[in-house]
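Breakdown of the fold
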Amino acid sequence: MKKLVSWQTPAEYLQHLQQLPLGPNVAPMFGHSALRAHVIGLERSLTVQPTNLN
């Protein structure tokens, strides 16, 4: 079976999207949780609570 996912990082995912004939509404396809885990690390993303802006 052909591998469907060819990226491992958010940057690789964005490079993949740039090669496709897509419209401007692609950003919502990138999940917040995936981005958070990549930026601050998986373990920390599961244990650290977001800051309260109130």
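Residues numbered from 1 in each chain as written. Predicted model: local features only at pLDDT ≥ 70, side-chain atom pairs only at ≥ 80, totals over all residues. Heavy atoms only, no water.

1. So, helix H1 (residues 10-18)
Given 3.6 residues per helical turn, the α-helix brings residues three or four places apart onto the same face. Heads up, the rule is: Throughout, exposure labels follow a simple rule: accessible area from a 1.4 Å probe, protein chains only, divided by the maximum for the residue type, with under 20% read as buried, over 50% as exposed, and the rest as partly exposed. Only runs of H or I of at least four residues qualify as helices and only runs of E of at least two qualify as strands under DSSP, and these elements are numbered from the N terminus. By arc we mean the arc of the directions from the helix axis to the C-beta atoms, nothing more. Should any heavy atoms of two residues lie within 4.5 Å, those residues are considered in contact.
Among the residues of H1, Pro-10, Tyr-13 and Leu-17 are the ones counted as buried. The arc that holds every buried residue of H1, seen down its axis, measures 55°, which confines them to one face. Packed against the buried residues of H1 are helix H2 (32-40).

2. Some points on the packing of aromatic side chains
By convention here, two paired aromatic rings are described through the distance between centres and the angle between planes. Just so we agree on the cut-off: Pairing of aromatic rings covers Phe, Tyr and Trp, the last counted by its six-membered ring, and requires centre-to-centre distances within 6.5 Å; plane angles under 30 degrees mean stacked, over 60 mean edge-to-face, and any other angle means tilted.
Taken as a whole and assessed by the stated rule, the structure comprises one aromatic pair. Taken together, a centroid distance of 4.9 Å and an interplanar angle of 55° make the contact between Trp-7 and Tyr-13 tilted.

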